[in-house]
Amino acid sequence: MEAIQESNQNQPSINETQTPKPDTDLENQRTQRLEEVEVIFDYSKRAQWLRAAVLGANDGLVSTTSLIMGVGAVRKDPKTMILTGIAGLVAGACSMAIGEFVSVYSQYDTEMSQLKRETRSISELEAKKKELPNPWQAAGASAIAFALGAVIPLLGAAFVKDYVARVGVVIGLASLGLLGFGWVSAVLGRAPIVKSSLRVLVGGWLAMAITYGLTKAIGSIGL
């Protein structure tokens, strides 16, 4: 009996001989992938470039439309309105590019100075330097965004001869463009779509109305 008991004690228990659980590496990999996706699609990181792109396009649309409307309040011929819009496009794009270049370059110099104080090796400095914002890219992106926004009202003013119809087309295209910019900004930034779109639209309308009204009032006194 003692021999049998010793034999039973030497045999592995049921828990010890139980088949091991399935490997969980696949589940861990899936979890890691989900975490990586969440990091990649961190919408807060889009704020900088999204702000620059939407702001540039919105400024191009609103300022050019306001200029066309303002000049059209006293000069109704299409040539004057179109030339005013083109001048606004060129001047605004250059202004946006220079402003963004100076701003981003100041940020670049500040961060570069901080990196030089923190890093100990040239290779590490060069690696971190690539992550800094590029002033030339920021300037080019701002200029292109402004020009794309400014083209929208110019197209409406260029192909309509009648003054009333021209103004209506310009306002209509500008309104659609403002709604579009508001929608894109809301979708990419995960913000409320209706609220964002209406905010951009109403702001653009106010700018156009104020420019038109003031220009009309100044033109009526004979200046």
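Residues numbered from 1 in each chain as written. Predicted model: local features only at pLDDT ≥ 70, side-chain atom pairs only at ≥ 80, totals over all residues. Heavy atoms only, no water.

Helices and strands together make up the secondary structure of the protein, namely eight helices and zero strands. Mapped from its N terminus to its C terminus, the protein presents α and β elements in the order α-α-α-α-α-α-α-α. By the burial criterion, 29% of the 223 residues in the protein qualify as buried. Nonlocal contacts in the protein, meaning residues at least 24 apart in sequence, comprise 71% of its contacts between residues at least 6 apart. Accessible surface, the protein as shown: approximately 15,000 Å² in total, 63% of it carbon and sulfur. (Helix = DSSP H or I, 4+ residues; strand = E, 2+ residues; numbered from the N terminus. Buried < 20%, exposed > 50% of the residue type's maximum accessible area, 1.4 Å probe, protein only. Contact = heavy atoms within 4.5 Å. Areas by Shrake-Rupley, 256 points an atom, 1.4 Å probe, with all protein chains shown as cover.)

Residues Ile68 and Phe146 are the most contacted members of the largest nonpolar core, which totals 16 residues. A per-element tally of this core places helix α6 (residues 135-158) first, with six residues. In this structure Phe146 touches Gly56, Ala57, Asp59, Gly60, Ser63, Gly88, Leu89, Gly92, Ala93 and Met96, once residues within four positions along its chain are discounted. Core analysis: the next-biggest nonpolar cluster, separate from the first, contains nine residues, Ala57, Val62, Leu178 and Met208 among them. (Core = buried A, V, L, I, M, F, W, Y, C linked by side-chain atoms within 4.5 Å.)

Attention now moves to the UniProt feature "transmembrane region" (unreviewed entry) in the protein. According to UniProt, the feature "transmembrane region" (unreviewed entry) maps to residues 82-105, 138-160, 167-188 and 200-219 in the numbering used here. Secondary structure across residues 82-105 comprises 100% helix and 0% strand; the distance between its end C-alpha atoms is 34 Å. Its end C-alpha atoms 35 Å apart, residues 138-160 is made of 91% helix and 0% strand. (UniProt positions renumbered as here; feature names shortened; annotations may be inferred.)

On to the packing of helix α7 (residues 163-189) against helix α8 (residues 193-220). Across the interface, α7 lies against α8 with an axial gap of 8 Å and an inter-helix angle of 145°. Relative to α8, the crossing made by α7 is right-handed. Taking contact as the criterion, the partners of Tyr163, Ala174, Ser175, Leu178, Leu179, Gly182, Trp183, Ala186 and Val187 in α7 are, on α8, Ile193, Ser196, Ser197, Val200, Leu201, Gly204, Trp205, Met208 and Tyr212. Tallied by class, the residues present in the contact of α7 with α8 amount to 13 nonpolar, five polar and no charged. (Axes fitted to C-alpha atoms, helices over the stretch in contact; angles between N-to-C directions. Left-handed = near helix turned anticlockwise from the far one by under 90°. Nonpolar A, V, L, I, M, F, W, Y, C, P; charged D, E, K, R; others polar.)

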